[in-house]
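Summary of structural features
Given next are the chains, with one letter for each unit.
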Amino acid sequence: MTPGSRDARSDGASFDVVIVGAGFAGLYQLHRLRDLGFSVRVFEAGGGVGGTWYWNRYPGARCDIESVDYSYSFSPELEQEWTWTERYAAQPEILSYLEHVADRFDLRRDIQFDTRIASAHFDEATGRWALETEAGESVSATYCVMATGCLSSTKVPEVPGVDAFAGPTFHTGRWPHEPVDFTGQRVGVIGTGSSAIQSIPHIARQAESVVIFQRTPNFSVPAWNHPLDPEYVAEVKASYPERRELCRQSQAGFPITGEPGTAREASEEERAEQFGEKWQEGGLRFLGAFADLLIDPEANDAASEFLRSKIRERVEDPEVAALLSPSAYPCGTKRLCVDIGYYETFNRDNVTLVDIRSAPIEEITKTGVVTAAATYEFDTLVFATGFDAMTGALSSIDIVGTGGRSLKEKWQEGPRSYLGLAVAEFPNLFLITGPGSPSVLSNMVVSIEQHVDWITDCLVHLRTADLGRIEATEEAEEEWVTLVAAVADFTLFPRANSWYIGANVEGKPRVFMPYIGGVNTYRAQCDEIAANDYAGFSLGA
Ligand code: NA7
């Protein structure tokens, strides 16, 4: 047994609420509901708490939201006692934080680790969820909360021979717990998304050689990461209530003061100055340079060109710089990356960039990778090929609602939900940061807390009113799906083949999944619906 987890397994047990997942979302949901007297059990596939931060242990794994904001706001005491050490926390520090939270609030005693939920079926006769674990245990619950994460179902390259390689292979999203030593190794890395951009500089410093297979280049802005000055930390701690409120009332869940102007109205000099300033601030703040950056193609062109000019400054070989420069989509419409020395890594003698857009990978063999143009031999392969984002983790559980239809079947043409929180035909099921909510377009911790608080208030409301059933109506769901699509269509996001739109998984329907309305607007919409007697839901005994 994992230290601290339950000795007794759960077979046959019944609960008010079952929560699937013990990351940021599951931990806080457990804390809230247990405090209010609900009987709760969390099931977690991993051997410990942390979710994303438990699995993504690759070298260089780091948050791209500033750590003082990428943390819970629910406990003023926790806020004061925990001290972040860097501007962007690395994975071990975030995992320690979540372990601290689990211990501090005594959460582990209600979490069953190393347990994957295989199925969840709604039983119309009892009005309860019947869940089964992969090991065959059965439990039941009145309510089921899916805290399964948006980026947890890993994706390996869909190329022939993917299992054929004889040496070690690692996926960034399932990295071993022990550090991997690349010393003296010839390493191949497939993928150039955020995980690759963070890990490649580390791998290149150790390995004999690294070959990077790039299908689509990404835009990246420096993190300018640094240890946090104690005075700054003290200032943040002293002003946390206001800072958190600023996050909640912002578009993306991190504090931004002042209203940016539009690039359309700015002169060329003003644009250059603003981009330069935002570049110096570093990270995702770059996208806040102008209000129309993700709406107006011309504004975006200017920002994209600025970012490409920085790649040319950072990469010595002009041909490599050109290959690393995205041109096929507007900047920011695939997740903007935040790097520490990524581009400079291509100035090293032991690093080679291979363009697999012009000469695709044909096969992975026992000894390496064969592209349409050449054969490469490796000792180790790293798959930085991302996730079946937003729907993958939910679709991998056999979730069946009232009509006998599974969620996977219902979502065959793309995810449909009401608020990204609930799904018609699936009573008493809640999704935390599900598709149709701001989720991955925001500071996840802010969005998670908002959903957990909303769900908690909802369950208390049902209990107080002596009700035991809530279900999104088909009409409300249809209206919400239409709104999510309309808001996305107003922006440049649908122009990119991103994981936001399911383009990274073969056969996945092309539907823009997160809600771009902003965490501020979205929070107001959710609150209004609750205040309006849960408009769009049908409530029953
Ligand atoms: P991403 O951002 O989905 O990146 C995956 C990368 O792998 C991306 O460059 C893909 O190219 C590439 N890829 C995927 N499949 C293949 C195949 N079959 N062949 C070649 N290359 C492939 O995942 P990350 O883990 O880096 O980051 C996920 C999020 O975590 C990130 O956005 C942050 O929010 C944190 P493509 O672009 O699809 O052409």
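Here, every reference points to the structure presented above.
Let me begin by describing the structure that accompanies this report. Note that the structure is a prediction, hence the values are computed from the model and not measured.

Along the protein, the regular secondary structure elements total 16 helices and 20 strands. The C-alpha atoms of the protein give a radius of gyration of 23 Å, which matches the 24 Å a tight globule of 541 residues would have. Once the C-alpha set of the protein is aligned to its principal axes, its extents read approximately 70 × 55 × 45 Å. Across the 541 residues in the protein, those meeting the buried criterion constitute 58%. Only carbon and sulfur atoms are counted for the fraction: they give 50% of the accessible area of the protein, which is about 21600 Å². Of the charged side chains in the protein, 45 are positive and 78 negative; the average position of the first set lies 2 Å away from that of the second.

With that out of the way, let us pick up the sheet that holds strand E7 (residues 169–171). As summarised here, the arrangement of the five strands in space is E7-E16-E8-E9-E12, forming an open sheet in which the pairing is parallel. Lying at the two open borders of the sheet, with one neighbouring strand each, are E7 and strand E12 (351–355). Averaged over all pairs of adjacent strands, the angle between strand axes in this sheet comes to 20 degrees, irrespective of strand direction. As paired elements, E7 and strand E16 (residues 380–383) share three bridges and run parallel to each other. Among the inter-strand pairings, Phe170 is bridged to a residue of E16, identified as Val382.

Moving on: the packing of aromatic side chains. Within this structure, the stated rule accounts for 38 aromatic pairs. Plain terms: the ring middles of Trp175 and Phe182 are 6.3 Å apart, the flat faces sit at 50 degrees to each other, and that makes the pair tilted. Of the two residues examined, Trp175 and Phe182, each falls in the buried class. Among the aromatic residues, ring-to-ring pairing joins Phe24, Tyr28, Trp53, Tyr70, Tyr72, Phe74, Trp82, Trp84, Tyr97 and Phe105 into one connected group. The ring centre of Tyr54 lies 4.8 Å from the NZ or CZ of Arg57, which sits over that ring. Between Arg174 and the ring centre of Trp55, over which it is positioned, the NZ or CZ distance is 4.3 Å.

Moving on, we come to helix H14 (residues 444–464). Between its terminal C-alpha atoms H14 stretches 30 Å, which fits the 30 Å expected from 21 residues at 1.5 Å a residue. A positive phi of about 60 degrees marks Asp466, the residue just after H14.

On the basis of which strands lie adjacent, the open sheet formed by three strands has the order E13-E14-E15 and antiparallel pairing. Two strands bound the open sheet, and with one partner strand each, they are strand E13 (361–364) and strand E15 (375–377). Across the sheet, the mean angle separating the axes of adjacent strands is 20 degrees when strand polarity is ignored.

What surrounds the ligand is a group of 21 residues, the closest being Thr192, Ser195, Arg215, Thr216 and Lys334. Backbone polar atom of Ser194 to an oxygen atom of the ligand: 2.9 Å apart, as the coordinates give it. Take Ala384: an N or O atom from its main chain is 3.2 Å from an oxygen atom of the ligand. Coverage of the ligand by the protein chains reaches 89% of its 780 Å² of free accessible surface. Class assignment of the residues belonging to the shell around the ligand gives a composition of seven nonpolar, eight polar and six charged.

Before going further, it helps to examine the packing of helix H1 (residues 24–35) against H14. Direction vectors running N to C along H1 and H14 enclose 30 degrees, while the axes themselves pass 9 Å from each other. Like other packed secondary-structure pairs, H1 and H14 cross with a definite hand, here right-handed. Residue-level inspection shows Phe24, Ala25, Tyr28, Gln29, Arg32 and Leu33 of H1 in contact with H14, the latter providing Val445, Ile448, Glu449, Val452, Asp453, Ile455, Thr456 and Leu459.

Their axes nearest at 5 Å, the elements helix H6 (residues 230–238) and helix H7 (residues 240–248) cross at an angle of 75 degrees. Judged by the inter-axis angle, H6 sits roughly perpendicular to H7. Where H6 approaches H7, its residues Tyr232, Val236, Lys237 and Ala238 are matched on the opposing element by Tyr240, Pro241, Glu242 and Arg243. Among the residues making up the contact of H6 with H7, the classes are represented as five nonpolar, no polar and three charged.

On to the pattern of salt bridges. Using the criterion set out here, one finds 32 salt bridges in the structure. Across the pair Glu66 and Arg285 runs a salt bridge whose closest N-O atoms are separated by 3.0 Å. Residue Glu66 is located in the loop between helix H2 (52–55) and helix H3 (76–81), and its partner Arg285 is located in the loop between helix H8 (268–281) and helix H9 (297–314); the two are separated by 219 residues in the primary sequence. Summarising the burial analysis for this pair, Glu66 and Arg285 share the class buried. The closest approach of N and O atoms between Arg264 and Glu298, which form a salt bridge, is 3.6 Å. In this pair, Arg264 sits in the loop between H7 and H8 while Glu298 sits in helix H9, placing the two residues 34 residues apart along the sequence. For Arg264, a relative accessible area of 52% corresponds to the exposed category. Each of Arg405, Lys410, Arg416, Glu425, Glu477 and Glu478 takes part in salt bridges that share partners, so that together they form one network.

Definitions and cut-offs
Once a new chain begins, its residue numbering starts again from 1 and follows that chain's sequence as written. The predicted origin of the model limits local features to residues at a pLDDT of at least 70 and limits the giving and counting of side-chain atom pairs to 80 or more, whereas totals for whole chains, interfaces and linings rest on all residues. Processing note: side-chain calculations cover all non-hydrogen atoms of the structure and skip hydrogens and water entirely. Under the DSSP-based scheme used, a helix requires at least four consecutive residues in state H or I and a strand at least two consecutive residues in state E, with every element numbered from the N terminus. The size measure is the radius of gyration over C-alpha atoms, and the globule rule it meets is 2.2 Å times the number of residues to the 0.38 power. Relative accessible area decides the class of each residue, using a 1.4 Å probe on protein chains only: under 20% of the type maximum gives buried, over 50% gives exposed, and in between gives partly exposed. Each accessible area is a Shrake-Rupley result for a 1.4 Å probe, and residues are judged covered by the shown protein chains and nothing else. Note that His is not counted, nor are the chain ends; the positive residues are Lys and Arg, and the negative ones are Asp and Glu. By convention, the point assigned to a charge is CZ for Arg, NZ for Lys, CD for Glu and CG for Asp. Paired strands are those between which DSSP finds at least two bridges. Here an axis means a line fitted to C-alpha atoms, over the contact stretch when the element is a helix, while the angle between two N-to-C directions is reported on a 0 to 180 degree scale. In summary, the pairing rule links any two rings of Phe, Tyr or Trp, Trp by its six-membered ring, whose centres are within 6.5 Å, and it sorts them by plane angle into stacked for under 30 degrees, edge-to-face for over 60 and tilted for everything else. The criterion for a charge sitting over a ring is simple: Lys NZ or Arg CZ within 6 Å of the ring centre, and within 35 degrees of the ring normal. Between the first and last residue of a helix there are one fewer steps than residues, each counted as 1.5 Å, and that sum is the expected span. Residue proximity to a molecule or strand is established when one non-hydrogen atom of the residue lies within 4 Å of it. Polar contact is the term for a pair of N or O atoms within 3.5 Å; when the atoms are in protein, one must be able to donate a hydrogen and the other to accept it, and sequence-neighboring residues count only if both atoms are side-chain atoms. For this classification, Asp, Glu, Lys and Arg are treated as charged, while Ala, Val, Leu, Ile, Met, Phe, Trp, Tyr, Cys and Pro are nonpolar and the rest, including Gly, are polar. Working rule for handedness: look at the near helix, and if it is turned counterclockwise from the far one by less than a right angle, call the crossing left-handed; if clockwise, right-handed. When checking whether two residues touch, look at their non-hydrogen atoms; a contact exists if any pair is within 4.5 Å. Roughly parallel means an angle under 35 degrees; roughly antiparallel means over 145; roughly perpendicular covers 65 to 115; every other angle is labelled oblique. One side-chain nitrogen of Lys or Arg within 4 Å of one carboxyl oxygen of Asp or Glu is enough to make a salt bridge.

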